[in-house]
Amino acid sequence: MKISKSLVVICMSVITLQATAQVAEFPKFSAEAHRGGRGLWPENTILAMQSSMKIDGITTLEMDTHITKDGQVVVTHDDYLSPGFMLTPEGKEIPSTDAKRYPIFQMEYKDLKQFDLGTKPLAGFPNQQKVKTNIPLLSDLIDAVQKEIKKNKTKQFFYNIETKCDAKGDGITNPEPAVFVELLMDVIKKKKIMPYVVIQSFDKRTIQLIHEKYPDVKTSFLAANKKSYEENIADLGYKPFILSPVWQMVNEELVKKAHADGVKIIPWTANTLADIQKLKALNVDGIISDYPDILVQAK
């Protein structure tokens, strides 16, 4: 039987789409290393992400992003370089009086990357390994993760990427939401990881824009308040892929209401075995933890 060339092309396209859909299937339970697992390694670093990837059971790398003065997307949490764990390029401490001396949004990346975030002990995380490292570009972090996946022939990890911004910080500690979103999405599109990305934020403006302009991208609404499930969804204005509340907000009623709406519940930041087990018993869809090693132990 003679098969037309066009039919072969169509069949191959279908197979490719099916394979892509299968690879991009979101984890049944999203075990997420918060800031790469800051209980164990310097937060939001390439080292942290690569180390958490070696922990069997971790599915997702959670991280924070900011925009620099020169429009670079960098992976870091705080609006300003923190005296709590950052050291100057000369290896000196940043005095507490200089807590707002170094705003990420007012620094060019060539200067920002000179600061060390990995050698100063961090209060509250005594087991964090100490190593000299710096704030990475999101593009470099993605390259490192994808290279590790290819090298070791491991599963595709998901990226849970937070936009660190708010209305009060517009033009001061962050750009306008539309600018932030386009700079972030430019990196994600260039690196071809869109099917494996969740964009999360407390700033509803950024994920509303994502939902509008990139409807295929998964979004997550972060919450730490006393509002009901319905109130948080109404505030956002649409049903996100994930509602991500601080773990103390989670109860059986919240999970049931979200699931009835087709919304996943992935709380943050649960760090003890008891708290993680309590959340899993409530049938949450994932957990974000500073301790990925403890997270995967919980049954």
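Shown above is the structure to which this text applies.
How each quantity is defined
Residues numbered from 1 in each chain as written. Predicted model: local features only at pLDDT ≥ 70, side-chain atom pairs only at ≥ 80, totals over all residues. Heavy atoms only, no water. Salt bridge = Lys/Arg side-chain N within 4 Å of Asp/Glu carboxyl O. Buried < 20%, exposed > 50% of the residue type's maximum accessible area, 1.4 Å probe, protein only. Helix = DSSP H or I, 4+ residues; strand = E, 2+ residues; numbered from the N terminus. Core = buried A, V, L, I, M, F, W, Y, C linked by side-chain atoms within 4.5 Å. Contact = heavy atoms within 4.5 Å. Phe/Tyr/Trp six-rings, centres within 6.5 Å; stacked < 30°, edge-to-face > 60°. Lys NZ or Arg CZ within 6 Å of the ring centre and 35° of its normal. Arc of directions from axis to C-beta. Axes fitted to C-alpha atoms, helices over the stretch in contact; angles between N-to-C directions. Parallel < 35°, antiparallel > 145°, perpendicular 65-115°, else oblique. Left-handed = near helix turned anticlockwise from the far one by under 90°. Nonpolar A, V, L, I, M, F, W, Y, C, P; charged D, E, K, R; others polar.

Chemist: Report on the pattern of salt bridges, specifying residues and quantitative values.
Modeler: Scanning the entire structure with this criterion turns up 20 salt bridges. For Glu 162, the salt bridge identified is with Lys 164, shortest N-O distance 3.1 Å. The burial state of Glu 162 is the same as that of Lys 164; both residues are buried. Taking the shortest distance from any N to any O, the salt bridge between Lys 189 and Asp 186 comes out at 4.0 Å. With Lys 189 and Asp 186 both in helix α5 (residues 177–190) and three residues apart, the pair spans about one turn of that helix. Taking relative accessible area as the criterion, Lys 189 reaches 37% and is therefore assigned partly exposed. Note on Asp 186: relative accessible area 42%, which makes it partly exposed. Look at the salt bridges and you will find they share partners, linking Arg 35, Arg 38, Glu 43, Asp 64 and Asp 290 into a network.

Chemist: Account for the nonpolar core, with residues named and values stated.
Modeler: Note that soluble globular proteins tend to have their nonpolar side chains buried in a common cluster. One finds Met 63, Leu 81, Leu 138, Tyr 159, Ile 161 and Ile 199 to be the most contacted residues of the largest nonpolar core, which totals 86 residues. For this core, the element with the most residues is α5, which contributes six residues.

Chemist: Go over the environment of Lys 227 with me, naming the residues and quoting the values.
Modeler: Among the secondary structure elements, Lys 227 is positioned in the loop between β6 (218–223) and α7 (229–236). Of the residues examined, Lys 227 reaches a relative accessible area of 37% and is grouped as partly exposed. Here the alpha-carbon distance between Lys 227 and Met 249, two residues 22 residues apart in the chain, equals 9.2 Å. Contacts of Lys 227, omitting those with residues within four sequence positions, involve Asn 232, Asp 235 and Met 249.

Chemist: Lay out the packing of aromatic side chains in plain terms, naming residues and giving numbers.
Modeler: Applying the stated rule across the entire model yields six aromatic pairs. Here Phe 26 and Phe 158 contribute two aromatic rings whose centre-to-centre distance is 5.2 Å and whose plane-to-plane angle is 80°, an arrangement assigned as edge-to-face. One end of the pair, Phe 26, is in the loop between α1 (5–23) and β1 (30–33); the other, Phe 158, is in strand β4 (residues 158–163), with 132 residues separating them in the sequence. Among the residues examined, Phe 158 registers a relative accessible area of 2% and is labelled buried. Between Phe 158 and Tyr 196, the aromatic rings sit 5.9 Å apart at their centres with planes inclined by 85°, giving edge-to-face as the arrangement. Linking Phe 158 in strand β4 with Tyr 196 in the loop between α5 and β5 (197–201), this pair joins segments that are 38 residues apart in sequence. An aromatic cluster of three or more residues is present, and its members are Phe 26, Phe 158, Tyr 196 and Phe 241. Cation over ring: Lys 218 sits above Phe 241, and NZ or CZ is 5.7 Å from the ring centre. The ring of Phe 29 carries the charged tip of Lys 280 above its face, separated from the ring centre by 4.6 Å.

Chemist: How would you sum up helix α8 (residues 252–260)? Please name residues and give values.
Modeler: Buried within α8 we find Leu 254, Val 255 and Ala 258. Viewed end-on, α8 has its buried residues packed into an arc of 95°, placing them on one side of the element. The outward face of α8, more than 90 degrees from its buried face, is lined by the exposed residues Lys 256 and Ala 260. Where α8 is buried, its residues touch α7, β7 (242–245) and β8 (264–265).

Chemist: Explain the environment of Lys 132 residue by residue, including any values.
Modeler: Here Lys 132 shows up in the loop between α3 (109–112) and α4 (138–152). According to the relative accessible area criterion, Lys 132 is exposed, its value standing at 64%. Measuring from C-alpha to C-alpha, the distance between Lys 132 and Asp 116 comes to 6.0 Å, with 16 residues separating the pair along the chain. Excluding residues within four positions of it along the chain, Lys 132 makes contact with Asp 116 and Thr 119.

Chemist: Quick rundown of the packing of α5 against helix α6 (residues 204–213)? Include the residues and the values.
Modeler: Close contact between α5 and α6 brings their axes to 9 Å; oriented N to C, the two are set at 60°. When the interaxial angle is binned, α5 and α6 end up oblique. In this structure, the crossing between α5 and α6 has a hand that is right-handed. Between α5 and α6, the residues in contact are Pro 177, Ala 178, Val 181, Glu 182 and Met 185 and Arg 205, Thr 206, Leu 209, Ile 210 and Lys 213, respectively. Residue composition of the contact of α5 with α6, by class: six nonpolar, one polar and three charged.

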